[in-house]
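These are the residues of each chain, in order.
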Amino acid sequence: MDARRESEPTPMKNRTTVERKSERELVVTRTFDGPARIVFEAWTKPELLKRWWAPKSTGVTLLSCEADVRVGGRYRFEFGHEASSKPMAFFGRYIEVTPHSRLVWTNEESDDGAVTTVTFEEKRGKTLLVMHELYPSKEALDANAGMESGMPETFAQLDELLVTLGFS
Amino acid sequence: MVQYTRAGFDASFAALSDATRRGVLEQLGRADASITDLAEKFHMTLTGMKKHVGVLEQAGLVTTRKVGRVRTCKLGLRRLEQEAAWIERYRQLWDARFDELDKVVEELKRKENVDGRKKRE
């Protein structure tokens, strides 16, 4: 882990790593070339969040993005995809907000939702971001963490099927 | 969804640490075989071979299926591939998001520099 933090000041793209720490935990890390203050801002202002949360490559569009980032405040993201008429919503509540260093939120779509902790650690002008997701059970992680990443793929498969069937 | 844990890797490596079990995998790479076939080929008792196959099965390296009185073994490598593929998909999702976040961070940094210069002037 520590070796990863000592990233060299090269213009190379920073690496995103994912590790399943335990049956109930997923940890995502990435270093950003900017101070924690700025990276934190990009996670806490809805108008900035919406610019990066649904990149084109995932095949989904963010229909709305509300985030009241303060303790007890709620967030709600709604996603859509051309292959689906029903939007999907992600929502929950912020339970810890420590400016520039720590964000914790719950996910309340179901009882299987994770508690997500994001920490921002600044070092020589760069920020190491660690996102830790804790699920209530192994089954919840297996079912839910895959869902968001699996969703675009499911849609891609549907797209392929439609092409095969001559619908597009 | 299958699990992807350090424990899973440990089980795989433990399963592969035994020469007989590696031989069994090699054999199954050529053709599926019953436990009886494998026991004969490796000059072992049925019980001994059952134990080895059990370890391989636990690690997801081999799958077995009983048809009538015969238990047939085949390679189950797909499980490892599926686990890795699932984590990689998840990684790609966040990597794509973070690439966009990089752009936002760059822009905010530039803006801050410009604002800072304006203040100094």
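Within each chain, residues carry numbers counting from 1 in the order of the written sequence. Chain labels run from A onward and ligand labels from 1 onward, assigned in the order the entries are written. Two thresholds apply to this predicted model, a pLDDT of at least 70 for residue-level local features and 80 or more for giving and counting side-chain atom pairs, whereas whole-chain, interface and lining totals are computed over all residues.

Student: Is there a simple way to explain the overall build of chain B in this structure?
Tutor: Going along the chain from the N terminus, every DSSP run of H or I of four or more residues is numbered as a helix, and every run of E of two or more is numbered as a strand. Counting its regular elements, chain B contains five helices and three strands. Along chain B, from the amino end to the carboxyl end, the secondary structure elements read α-α-β-α-α-β-β-α. A separation threshold of at least 6 residues defines the contact pool for chain B, and within that pool the share at least 24 residues apart is 52%. We call two residues in contact whenever the C-beta atoms placed from their backbones are within 7 Å.

Student: Just checking my understanding: could you explain helix α4 (residues 46–58) of chain B for this structure?
Tutor: Residues spaced three or four apart along an α-helix point in a common direction, a consequence of the helix completing one turn every 3.6 residues. Residue and element names in this part refer to chain B. Each residue after the first adds 1.5 Å to the expected span of a helix. Helix length check: α4 (13 residues) gives 18 Å between terminal C-alpha atoms against 18 Å at 1.5 Å per residue, within 8%. Around each residue's C-beta, the other C-beta atoms within 10 Å are counted; 20 or more make the residue buried, 12 or fewer make it exposed, and counts in between make it partly exposed. All C-beta atoms are placed from the backbone. Here α4 has its buried residues at M49, H52, V53 and L56. Down the axis of α4, the smallest arc covering the buried residues is 95 degrees, so these residues share one side. Looking one or two residues past α4, G60 carries a phi angle of roughly 80 degrees, positive in sign. For this quantity, the arc is that covered by the directions from the helix axis to the C-beta atoms.

Student: Could you clarify how one ought to interpret the environment of B:K109 in this entry?
Tutor: For B:K109, the position within the fold is in helix α5 (residues 78–120). For B:K109, a count of 16 C-beta atoms within 10 Å translates into the label partly exposed. With near-sequence residues (within four places) excluded, B:K109 lies in contact with A:G34 and A:I38.

Student: Could you clarify how one ought to interpret the nonpolar core in this entry?
Tutor: Considering soluble globular proteins, one finds that nonpolar side chains tend to be buried as a cluster. By definition, a nonpolar core groups buried Ala, Val, Leu, Ile, Met, Phe, Trp, Tyr and Cys residues that are joined through C-beta atoms within 7 Å. Counting 34 residues, the largest nonpolar core has A:V39, A:A42, B:W94, B:L101, B:V104 and B:V105 as the members making the most contacts within it. Those elements giving two or more residues to this core turn out to be β2 (25–32), α2 (36–44), α3 (46–52), β4 (74–81) and β6 (102–106) of chain A together with α5 of chain B. At eight residues, the largest contribution of residues to this core is made by α5(B). Beyond its immediate stretch of four places on either side in the chain, B:L101 contacts A:F32, A:A42 and A:W52. Of all hydrophobic cores here, the second largest spans twelve residues; its members include B:A15, B:L28, B:I35 and B:L61.

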